[in-house]
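Below, each chain spelled out in residue letters.
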Amino acid sequence: MSDGAGEPPPTPLHSVSVAGVVVREGGMSFYEQHRDFVEELERIAPEGVRIEWSGDALIIQASPSNIHQLNVAQVRRQFEQHAPDGYLPSERGEIVSPDVSKGREPDLTYLPLEVLFRSGNQAPAEEALIAVEIVSPSNPGNDWMDKLHDYAAMRIPLYLIVDPRQQTVTLFSEPNHDRYHTRSNRKFGDAIGIPEPFGFTLGLSKLVPYKD
């Protein structure tokens, strides 16, 4: 029976706050260890409150601003004219993958009609044609780093980031493992080509920057 000599000290459990603190224990993420708690928190969250993960940080924040929603609408309006038959838009619906420990809720994605008819509130990420995110001014790293990694790992073919802080639009494509191999950058007021199965040029002239 071991007396503990020579054994490494136990990994401490860090504290958690609603503002978002990195939490790990024994190499497992807080989400993986406390999935039931997190899912219950998501269920009981008041209307108008969003719960998201950024790495191992739990972020609780108010619903998107009017400018955020306006930019989603401007992008969605153009995509709807070019979506392939049998696909419909989904906003803030959860997509999941066995290759990523937690689900993601893109501001906009396109899923097959039959997937949206299924019971439940999740959809397999491999069915999604694109993920669109409008960058939050309070937590830009979530879209630029964490989701960039996760959407590539989920094998979502296209990831479009609209950043009203910098007035830029960036399209990532050709996912391989946990990264995208192709990146295109444009400024608000320009246009950016969206590959098949959409196959059109997305106008950026009506996108709105955040106010100072």
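Read on for an overview of the structure. Counting of residues starts from 1 at the beginning of each chain's written sequence and follows it residue by residue. Residue-level local features of this predicted model are given only where pLDDT is at least 70; pairs of side-chain atoms are given and counted only at 80 or more, and the full residue set underlies all totals for whole chains, interfaces and linings. For side-chain calculations, the full set of non-hydrogen atoms in the structure is used, while hydrogens and water are omitted.

### Here we look at the overall build of the protein
Moving on, step 1. Put simply, DSSP H or I for four residues or longer makes a helix, DSSP E for two residues or longer makes a strand, and each gets a number counted from the N terminus. Regarding its fold elements, the protein presents 5 helices and 14 strands.
Moving on, step 2. Any two residues having at least one pair of non-hydrogen atoms within 4.5 Å are treated as being in contact. Intrachain contacts of the protein at a sequence separation of at least 6 include 51% that bridge at least 24 residues.
Moving on, step 3. Reported accessibility uses the Shrake-Rupley method at a 1.4 Å probe radius. Residues are deemed covered only where the shown protein chains occlude them. As displayed, the protein offers around 11,500 Å² of accessible surface, 51% of which is attributable to carbon and sulfur atoms.

### Some points on the environment of Trp 144
Moving on, step 1. Along the polypeptide, Trp 144 turns up in helix H5 (residues 140–153).
Moving on, step 2. Counting along the chain gives 11 residues from Trp 144 to Glu 133, while the straight-line C-alpha distance between them is 9.5 Å.
Moving on, step 3. Apart from the residues lying within four places of it in its own chain, the contact partners of Trp 144 are Val 135, Ile 161, Asp 163, Arg 165, Thr 170, Phe 172 and Arg 183.

### Remarks on the side chain of Asp 107
Moving on, step 1. When you line up the elements, Asp 107 lands in the loop between strand S6 (94–96) and strand S7 (108–112).
Moving on, step 2. A residue is classified by how much of its surface remains accessible, and Asp 107, at 3% relative accessible area, is buried.
Moving on, step 3. Each polar contact in these results corresponds to two N or O atoms within 3.5 Å; when the atoms are within protein, one needs to be able to donate a hydrogen and the other to accept it, and residues that are neighboring in sequence are counted only if both atoms are side-chain atoms. Among the polar contacts made by the side chain of Asp 107, one reaches the side chain of His 68 at a distance of 3.3 Å. Burial classes: relative accessible area under 20% of the type maximum marks a residue as buried, over 50% as exposed, and values in between as partly exposed (1.4 Å probe, protein chains only).

### Digging into the nonpolar core
In a soluble, globular protein the nonpolar side chains are often hidden away together inside.
Moving on, step 1. The biggest cluster of nonpolar side chains holds 25 residues, and the ones touching the most others in it are Phe 79, Leu 160, Ile 194 and Phe 198.
Moving on, step 2. Within the residue set of this core, elements represented by two or more residues are helix H3 (66–80), S7, strand S9 (131–134), strand S10 (158–163), strand S11 (168–176), strand S13 (191–194) and strand S14 (200–203).
Moving on, step 3. Here this core takes 4 residues from H3, the largest share from any one element.
Moving on, step 4. In plain words, nonpolar cores are sets of buried Ala, Val, Leu, Ile, Met, Phe, Trp, Tyr and Cys residues tied together by side-chain atoms within 4.5 Å. In terms of nonpolar packing, the next biggest core, distinct from the first, is built from 19 residues, Ile 95, Val 100, Val 135 and Ile 161 among them.

### Section: the pairing of strand S12 (residues 179–187)
Moving on, step 1. Pairing between two strands requires that DSSP report at least two bridges joining them. Relative to S12, S11 runs antiparallel, the two sharing 8 bridges. Considered in S12, the bridge of Thr 168 is made with Lys 187.
Moving on, step 2. Following S11, the chain reverses through 2 residues before pairing antiparallel with S12; His 177 in that reversal takes a positive phi of roughly 60°.

### Things to note about the pattern of salt bridges
Moving on, step 1. When a carboxyl oxygen of Asp or Glu lies within 4 Å of a side-chain nitrogen of Lys or Arg, that pair is called a salt bridge. Scanning the entire structure with this criterion turns up 9 salt bridges.
Moving on, step 2. Residue Lys 147 pairs with Glu 133 through a salt bridge whose shortest N-O separation is 3.2 Å. Here Lys 147, found in helix H5, pairs with Glu 133, found in strand S9; they are 14 residues apart in sequence, far enough to count as distant.
Moving on, step 3. Lys 147 sits in the buried class, given a relative accessible area of 1%.
Moving on, step 4. Here Asp 163 and Arg 165 are joined by a salt bridge, their closest N and O atoms 2.7 Å apart.
Moving on, step 5. A relative accessible area of 33% means that Arg 165 is categorised as partly exposed.
Moving on, step 6. One continuous salt-bridge network, built from bridges that share partners, spans Arg 76, Glu 80 and Glu 91.

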